[in-house]
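Take a look at the letters that make up each chain.
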Amino acid sequence: MAHELLRKSPNSMASVVSSKPSRLMTRRRLAAMPKLPKRDDEFMQRLERAEATNRQLREAIDMLPQGVVVLDSEGRYVLWNQQYADIYKKSADLFEIGVRLEDTLRIGVARGDYPEARGREEQWIAERVRRLYQPKERHEQWISDGRCILIDERLTTDGGVVGLRVDISELKEREASFRMLFEANPVPMFVARREDKVILSANRAAIRHYGFALEDLRTKTLFDLHHPADHQNLESLYDGRADQFAGQTWRHLKADATSIDVAIYASSITQGQTPAILFAAIDITERKAAEAKVAYLAHHDALTGLANRVFLRKRLDEMLASRKRSGAGVAVLCIDLDNFKIINDSMGHAAGDSLLQQLSERIQGTLRKDDIAARLGGDEFAVVLANANHAVEVSSVAQRIIDVLREPFRVDDQTINVTTSVGIALCPSDGEEAEVLLKNADLALYQAKGDGKGCYRYFEAEMNVRVQARRKIEADLHQAFLNGGLEIHYQPLVSLSSREVSGFEALLRWPHPERGYIPPSEFIPIAEECGLIGSITDFVLQRACHDAARWPKKARLAVNMSPQRFRIGNVFNAVSDALRSSGLEPSRLELEITEALLLENSESVLTILHAIRSLGVRISMDDFGTGYSSLSYLRMFPFDKIKIDGSFVRGIGFGNESQAIIRAIMGLGSSLGMTITAEGIETESEQEFLRAVGCDEGQGFLYSKARPVTEVPELLDMLNQQSQFRLV
Ligand code: C2E
Ligand code: MG
Ligand code: MG
């Protein structure tokens with residue numbers, strides 16, 4: 001039996017302390033010992049003192065939280081406390097004074113109390129005994145109930161052993177949990193020595209993610225993991241002051257030298273005896289990229305990639321704030337395309353988008369690194385120039401933008417020409433706040449558009465008033481159009497050879513409730529700009545065709561067609577609808593166009609003009625001679641009529657120049673088979689000259705101003721009564 005293995009051996013200590021832990025030799029037991037002679041009183045006293053000391057020692061040992069065991073030089077139990085017995089509760093039945101530790105171990109091993117000994121029992125016992133007498137360092141021992149005991153032993157001077165035992169099962173459990181958490185964690189984790197930041201270990205996720213072998217990692221410091229740009233703050237990060245970097249992104253380098261964005265969570269630990277840093281590095285590269293994309297989308301215009309209004313405001317605010325320190329000037333430019341809406345409407349939105357993308361690139365190309373270009377919406381753009389300290393520089397940027405956008409664009413195999421207007425506000429002279437600068441640049445833009453487009457204007461304080469007046473006119477025009485407040489008056493055209501009224505030109509009149517009659521030269525450009533011209537033209541076409549249908553058969557009707565109306569498209573349908581619904585014969589309708597129409601996009605315009613002409617409608621070139629290259633336009637299209645601009649007629653009485661030009665036009669017209677009409681004839685002598693040079697037709701105050709439709713019959717009567725004029 002196991003107990004038989006144990007041999008009791010008398011021992012001096014064993015006679016002093018009890019074989020049972022925590023139980024000291026009692027006075028009763030002493031009394032039971034053989035009586036000693038009196039001379040041994042002194043011995044007795046010493047014995048009692050020893051007993052007291054022994055008891056105190058015993059109590060002290062019992063109070064220790066560790067298990068304590070004392071063995072003699074032969075490895076026999078001398079003394080142990082309750083904690084020791086508790087720790088080895090499986091073997092406690094074997095503990096007896098004088099029993100050899102090695103023997104209790106052997107029984108324990110045989111019973112399977114020490115799982116580490118399994119399969120190598122003798123070797124394990126030998127190692128254990130060797131350690132007992134050559135104690136160098138603490139070691140651990142596992143017990144079959146799953147506990148782990150830390151053993152710390154020291155040799156005593158008499159060759160015995162004092163041993164301490166601590167149940168470190170909980171610690172071991174925590175260590176195991178930690179190891180599991182560390183090893184199996186999907187987040188890359190590292191442990192680095194605090195002193196020199198050398199990496200001691202890394203988990204599987206770290207090795208997999210970074211691509212380093214563990215041995216390689218162990219040759220690195222945590223600094224080596226970081227991108228050099230991070231190095232400045234690393235000490236603080238790993239010193240446990242990471243809080244101040246909460247939310248900060250760091251950059252780590254992988255084995256293949258690619259860099260990743262990481263969030264780092266570091267804390268201090270002790271690995272074995274070594275102060276260390278445990279840190280997790282969460283790869284947030286994708287999240288960062290996604291965040292960056294979201295931020296980009298929130299701040300940029302999806303079509304052109306330029307900054308959007310929100311981002312422009314943000315950057316402008318920042319620039320203005322830093323300007324307060326640096327004193328540098330800032331310029332805000334508002335940019336608007338003068339004819340984008342029409343291009344978009346006539347060519348389709350895909351073409352419009354392509355145009356916007358191309359011109360955004362061109363705008364961007366004119367700027368420096370610190371400047372910002374933004375698309376505010378539709379065809380509205382803005383540019384903010386940083387360090388705009390000299391108006392000359394700002395003007396040159398504005399002009400450059402206008403120039404680069406004036407270069408023709410190619411969209412869908414078509415050439416598109418755009419003109420651009422730019423309004424400029426300067427900080428600090430025109431305002432120091434983003435809101436104010438943007439508003440003022442917009443007012444300046446408004447002015448630029450009003451001043452003929454294709455130009456830039458600086459903000460001036462009076463613009464506010466002017467723009468408001470202009471906006472009011474626009475609103476009034478809208479109202480007038482919707483409420484039938486626009487009238488059509490008719491001015492007669494007279495045949496100079498037969499002196500007959502050959503027709504009437506429809507001319508718009510706007511009786512403004514406050515301002516009286518506003519001339520078409522003022523409100524037609526406004527209608528063109530605010531997009532109302534399409535509806536107005538179609539209204540004139542319809543109404544005038546209906547009016548003319550009631551006139552004597554041979555009276556023709558001339559209607560002015562704005563170039564903008566062609567850009568909107570569907571002109572052919574508008575004309576044929578008006579003819580059909582009014583019943584007016586197509587040959588009685590003349591459309592007056594100007595050179596401005598042929599200036600741009602001429603192919604599609606010519607196609608439409610040919611189609612309209614094929615209906616039988618006549619096409620006239622209005623205001624001839626006022627454009628740039630009138631003659632070449634005459635080659636482009638077989639016009640039925642040329643109307644010599646009134647300015648040449650007025651010049652007749654002032655010398656040979658106008659007369660020579662009129663003669664030349666006459667020659668041209670007759671050789672090309674076109675009717676020539678002279679506008680603005682006010683005097684008999686002008687009429688005489690024109691008739692003499694062979695002009696076919698005249699129009700002017702000499703005959704009549706434009707009159708309301710109700711006065712047309714009266715006008716005809718009057719002209720017929722003046723014997724030389726007769727309506728045929
Ligand atoms: P336009 O087509 O050249 O029209 C002739 C202009 O000369 C008219 O001015 C007419 O009143 C004016 N006029 C005629 N005889 C004389 C004269 O003896 N002396 C002077 N000094 N002027 C004379 P209005 O009606 O002011 O029209 C100006 C321009 O406005 C027109 O020039 C035309 O381009 C435009 N317009 C007028 N109505 C319409 C319209 O319905 N649609 C479009 N798109 N434009 C129109
Ligand atoms: Mg006209
Ligand atoms: Mg004219």
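Structural data are supplied above this passage.
Counting from 1, residues in each chain are numbered in the order their sequence is written. Chain letters start at A and ligand numbers start at 1, both assigned in the order the entries are written. Where totals are concerned, whole chains, interfaces and linings use all residues; where local detail is concerned, this predicted model gives features only for residues with pLDDT of at least 70, and gives and counts side-chain atom pairs only at 80 or more. For the side-chain quantities, the full set of heavy atoms in the structure was used; hydrogens and water were omitted.

### Comments concerning the overall build of the chain
Moving on, step 1. Helix numbering and strand numbering both begin at the N terminus, where a helix is a DSSP run of H or I of at least 4 residues and a strand a DSSP run of E of at least 2. Of the regular secondary structure elements, the chain holds 29 helices and 27 strands.
Moving on, step 2. The globule rule is 2.2 Å times the number of residues to the power 0.38, and the radius of gyration it is compared with is taken over C-alpha atoms. Here the C-alpha radius of gyration of the chain, 53 Å, is well above what a compact globule of 728 residues would show, namely 27 Å.
Moving on, step 3. Per-residue burial for the chain yields a buried fraction of 46% across its 728 residues.
Moving on, step 4. The contacts of the chain with a sequence gap of at least 6 include a subset with a gap of at least 24, amounting to 58%.
Moving on, step 5. The charge count includes Lys and Arg as positive and Asp and Glu as negative, but it does not include His or the ends of the chains. Where a charge sits is defined by one atom per residue type, namely NZ (Lys), CZ (Arg), CG (Asp) or CD (Glu). Of note, the chain has its 92 positive side-chain charges centred 8 Å away from the centre of its 103 negative side-chain charges. Note on exposure labels: buried denotes an accessible area under 20% of the residue type's maximum, exposed denotes more than 50%, and partly exposed covers the range between, all computed with a 1.4 Å probe on protein chains only. Here, two residues are considered to be in contact whenever any of their heavy atoms come within 4.5 Å of each other.

### Let's talk about the environment of Gly159
Moving on, step 1. Secondary-structure assignment places Gly159 in the loop between β4 (148-155) and β5 (161-167).
Moving on, step 2. The exposure class of Gly159 is partly exposed, given its relative accessible area of 28%.
Moving on, step 3. Ignoring sequence-local partners within four residues, the contact set of Gly159 consists of Asp72, Ser73 and Tyr133.

### Some points on the coordination of the magnesium ion (ligand 3)
Moving on, step 1. Taken together, the protein donors to the magnesium ion (ligand 3) comprise Asp622 (OD), Asp623 (OD), Glu679 (OE) and Glu679 (OE), at separations of 1.9 to 2.6 Å.
Moving on, step 2. Sequence positions of the residues that donate to the magnesium ion (ligand 3) give the spacing D-D-x55-E.
Moving on, step 3. Separating the magnesium ion (ligand 3) from the magnesium ion (ligand 2) is a gap of 4.0 Å, bridged by Asp622, which donates to each. In this pair, Asp622 is assigned in strand β23 (residues 618-624) and Glu679 in the loop between β25 (675-678) and α28 (684-692), connecting sequence segments 57 residues apart. In this structure, Asp622 and Glu679 share a single accessibility class: buried. Only N, O and S atoms count as donors, using a 2.8 Å cut-off from the metal and 3.2 Å for Na, K and Ca, and because water is excluded some sites may appear unfinished.

### Re the packing of helix α18 (residues 463-482) against helix α19 (residues 520-529)
Moving on, step 1. All axes are obtained by fitting lines to C-alpha atoms, using only the stretch in contact for helices, and the reported angles, taken between N-to-C directions, cover 0 to 180 degrees. Where α18 contacts α19, the axes come no closer than 10 Å and their chain directions differ by 85°. Taken together, the axes of α18 and α19 are roughly perpendicular relative to one another. Contacts from Arg470, Ile473, Glu474 and Leu477 in α18 reach Glu522, Phe523, Ile526, Ala527 and Glu529 in α19.
Moving on, step 2. Under the grouping applied here, Gly and all other residues not named as nonpolar or charged are polar, the nonpolar ones being Ala, Val, Leu, Ile, Met, Phe, Trp, Tyr, Cys and Pro and the charged ones Asp, Glu, Lys and Arg. In terms of residue class, the contact of α18 with α19 is made up of five nonpolar, no polar and four charged. The cut-offs work like this: below 35 degrees is roughly parallel, past 145 is roughly antiparallel, 65 to 115 is roughly perpendicular, and the gaps in between are oblique.

### What about the site of ligand 1?
Moving on, step 1. For this purpose, a residue is taken to be near a molecule or strand whenever a single non-hydrogen atom of the residue falls within 4 Å of it. Among the 20 residues in the neighbourhood of ligand 1, the closest are listed as Arg509, Asn560, Asp622, Glu682 and Phe701.
Moving on, step 2. Interatomic distance of 2.8 Å between a side-chain N/O atom of Asn560 and an oxygen atom of ligand 1.
Moving on, step 3. For every accessible area listed, the method is Shrake-Rupley and the probe measures 1.4 Å; residues are considered covered only by the protein chains on display. Within the complex, 79% of the 780 Å² of free accessible area of ligand 1 lies under protein.
Moving on, step 4. Of the residues forming the shell around ligand 1, the biggest block, four residues, is contributed by strand β19 (residues 501-512).
Moving on, step 5. The residue inventory of the shell around ligand 1, partitioned by class, reads seven nonpolar, five polar and eight charged. Residues adjacent in sequence count toward polar contacts only when both atoms are side-chain atoms; beyond that, a polar contact is any pair of N or O atoms within 3.5 Å, and within protein one must be able to donate a hydrogen and the other to accept it.

### Here we look at the coordination of the magnesium ion (ligand 2)
Ideal geometry at a metal centre: 109.5 degrees between donors when four sit tetrahedrally, and 90 or 180 degrees when six sit octahedrally.
Moving on, step 1. In this structure, Glu505 (OE), Asn560 (OD1), Glu592 (OE) and Asp622 (OD) serve as the protein donors to the magnesium ion (ligand 2), at separations of 2.0 to 2.3 Å.
Moving on, step 2. Going along the chain, you hit the donors of the magnesium ion (ligand 2) in the pattern E-x54-N-x31-E-x29-D.
Moving on, step 3. A relative accessible area of 4% places Glu505 in the buried class.
Moving on, step 4. Given the relative accessible area of 7%, Asp622 is considered buried.

### Re the packing of helix α15 (residues 349-365) against helix α16 (residues 391-406)
Moving on, step 1. Packing of α15 against α16 brings their axes to within 9 Å, and their N-to-C directions diverge by 145°. Here α15 runs over α16; the crossing is right-handed. Within the contact between the two elements, α15 uses Leu359, Arg362 and Ile363 and α16 uses Ile401, Val404 and Leu405.
Moving on, step 2. Across the contact of α15 with α16, the residue classes tally to five nonpolar, no polar and one charged. By definition, turning the near helix anticlockwise from the far helix through less than a right angle yields a left-handed crossing, and turning it clockwise yields a right-handed one.

### Quick notes on the environment of Asp640
Moving on, step 1. Of note, Asp640 is situated in the loop between α25 (630-636) and β24 (641-644).
Moving on, step 2. It is 9.9 Å that separates the C-alpha atoms of Asp640 and Leu591, two residues lying 49 residues apart in sequence.
Moving on, step 3. In contact with Asp640, other than residues within four places in its own chain, are Arg613, Val617, Arg618, Ile619, Met674 and Thr675.
Moving on, step 4. At 3.0 Å, the side chain of Asp640 and the side chain of Arg613 are in polar contact.

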